[in-house]
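# An overview of the molecular structure
Spelled out, the chains give:
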Amino acid sequence: MLVRVTLQSFVASADLAIAISIAALSVSALRSGRRPRRMRSWLFFALASVTLVAHSAFGTQGGEVQAEAAALFELLTLALFAIGFVLLYGADREQLRSIETRAELDPTTGLLNRQAFRELVAAHLRRPRHGPSAVAVVDLDGFKAVNDERGHPAGDEVLGLVGAAIRANLRAQDLASRYGGDEFVVFLADCPVESALPIMERIRAVVAGVTAASGSIVTASVGLALSAEGGADLDDLVRTADHALLSVKRSGKNQLLVAETV
């Protein structure tokens, strides 16, 4: 009997210690002006600390009614802790997904970085059934002068505006990347030439407009490559579009040239 009472007292003391620790952490965080990072989880943990105290109080008393109450509060405590940990795990998963998403984006333009873009386009091109697609290589005219005359912050502002102009004119299935420096690559999925041309011309017009509004004279030269249905890989399309872009650069810039179908 003495051993049983001692064990009950030990368990009750442990319950109280856990409850007090959780409450102390919560109060300390709130008093310092910082909310716990996982507020919903902490709410359930705090409620669990209250039911833990109740379980401890009923557990130290004799009697059948008190034992039943203690068992009920024990189940409630376990349920609250379980919910808290599930929410904590879910919040961590959301944070990881957010980190993964940020890692796929170029921080200056908000477009996909080169690696993420290549992987997503390759996945699309591997599909057994897809229509003809287009790849555009976009190079900014006058961007070097902006960096030289107004500094890199102004250059970054221009890149951000260009990224926004590209995103605003793409369809849901399209992809765009900052490939490096002031060069961008756009993948227009299942897009014949009669649809690809107006999209890229709109992007060129918006780039010129938004950059002029910011005080920079920057235009876009574009080389556009088209794939036959189900044919060509990304490297072939980029290479062909790049050749068309070089022709644009040599012939006066600020134009769009369509290459032969790959």
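Preceding this section is the structure that the text describes.
Throughout what follows, the structure given in this document is the object of discussion. In this text the structure is predicted, and so the values were computed from the model without any measurement.

The number of helices and strands found in the protein is 8 helices and 5 strands. Its helices and strands taken in sequence order, the protein reads α-α-α-α-β-α-α-β-β-α-β-α-β from the N to the C terminus. Each of the 262 residues in the protein was classed as buried or not, and the buried ones make up 39%. Once local pairs closer than 6 in sequence are excluded, the contacts in the protein between residues at least 24 apart make up 72%. Of the accessible surface of the protein, which amounts to about 14,700 Å², a share of 60% is contributed by carbon and sulfur atoms.

Before going further, it helps to spend a moment on the pairing of strand β1 (residues 134–141). Among the 8 residues in β1, 8 count as buried, and that is most of the element. Because side chains alternate across β1, one face comprises the buried residues Ala 134, Ala 136, Val 138 and Leu 140, and the other comprises Val 135, Val 137, Asp 139 and Asp 141, equally buried. Taken together, the 6 bridges between β1 and strand β3 (residues 183–188) define a ladder with antiparallel strand orientation. Counterpart to Val 137 in the pairing with β3 is Val 185. Here β1 pairs with strand β4 (residues 219–226) via 8 bridges, running antiparallel. Looking at β4, one finds that Ala 134 is bridged to Leu 226.

Of all 8 residues that make up β4, 8 are buried, and the element is covered over most of its length. Burial along β4 is two-sided: Thr 219, Ser 221, Gly 223 and Ala 225 facing one way and Ala 220, Val 222, Leu 224 and Leu 226 facing the other are all buried. When β4 meets strand β5 (residues 256–258), the two strands line up parallel, connected through 3 bridges. Considered in β5, the bridge of Val 222 is made with Leu 256.

Our focus in this paragraph is the pattern of salt bridges. Under the definition given, this model contains 8 salt bridges. Arg 171 is paired through a salt bridge with Asp 174; the nearest N and O atoms lie 2.7 Å apart. Residue class for Arg 171 comes out partly exposed when judged on its relative accessible area of 27%. Sharing partners across several salt bridges, the network here consists of Asp 139, Asp 141 and Lys 249.

On to the sheet that holds β1. Within a sheet, neighbouring strands are paired by backbone hydrogen bonds and run either parallel or antiparallel to one another. Taken together, 5 strands build an open sheet; the order of strands is β2-β3-β1-β4-β5 and the sheet is mixed. Here the strands that pair on one side only, and so sit at the sheet edges, are β2 (175–180) and β5. Geometrically, the sheet is characterised by an average inter-axis angle of 20 degrees between neighbouring strands, direction not taken into account. Of the strands in this sheet, β1, β2 and β3 touch helix α6 (residues 152–168), which is tilted by about 10 degrees from β3. Relative to β4, helix α7 (residues 193–213) is tilted by about 165 degrees, and along the sheet it contacts β1, β3, β4 and β5.

This paragraph deals with the packing of α6 against α7. Look at α6 against α7: their axes get within 9 Å of each other, and the N-to-C directions meet at 145 degrees. Judged by the sense of rotation from one axis to the other, the crossing of α6 with α7 is right-handed. Seen from α6, the contacting residues are Val 158, Leu 161, Val 162, Ala 165 and Ile 166; seen from α7, they are Ile 203, Val 206, Val 207, Val 210 and Thr 211. Here the contact of α6 with α7 is composed, by residue class, of 9 nonpolar, 1 polar and no charged.

For the rest of this paragraph, the subject is helix α4 (residues 114–125). Between its first and last C-alpha, α4 extends 16 Å over 12 residues, near the 16 Å set by a 1.5 Å rise per residue. Here α4 has its buried residues at Ala 116, Phe 117, Val 121, His 124 and Leu 125. Considered in projection along α4, the buried side chains sweep an arc of 160 degrees and stay on one side of the axis. Of the surrounding secondary structure, the elements contacted by the buried residues of α4 are β2, β3 and α8 (234–250).

Moving on, we get to unusual backbone geometry. The backbone of Asp 190 shows a phi angle near 50 degrees, a positive value even though the residue is not glycine. Along the chain, Asp 190 turns up in the loop between β3 and α7. Phi is positive for Lys 253, close to 65 degrees, though the residue is something other than glycine. Within the fold, Lys 253 resides in the loop between α8 and β5.

The rules we used
- Residues numbered from 1 in each chain as written.
- Predicted model: local features only at pLDDT ≥ 70, side-chain atom pairs only at ≥ 80, totals over all residues.
- Heavy atoms only, no water.
- Helix = DSSP H or I, 4+ residues; strand = E, 2+ residues; numbered from the N terminus.
- Buried < 20%, exposed > 50% of the residue type's maximum accessible area, 1.4 Å probe, protein only.
- Contact = heavy atoms within 4.5 Å.
- Areas by Shrake-Rupley, 256 points an atom, 1.4 Å probe, with all protein chains shown as cover.
- Pairing = 2+ DSSP bridges.
- Salt bridge = Lys/Arg side-chain N within 4 Å of Asp/Glu carboxyl O.
- Axes fitted to C-alpha atoms, helices over the stretch in contact; angles between N-to-C directions.
- Left-handed = near helix turned anticlockwise from the far one by under 90°.
- Nonpolar A, V, L, I, M, F, W, Y, C, P; charged D, E, K, R; others polar.
- Expected span 1.5 Å × (residues − 1).
- Arc of directions from axis to C-beta.

Interpretation in functional terms is not warranted from these geometric data alone.
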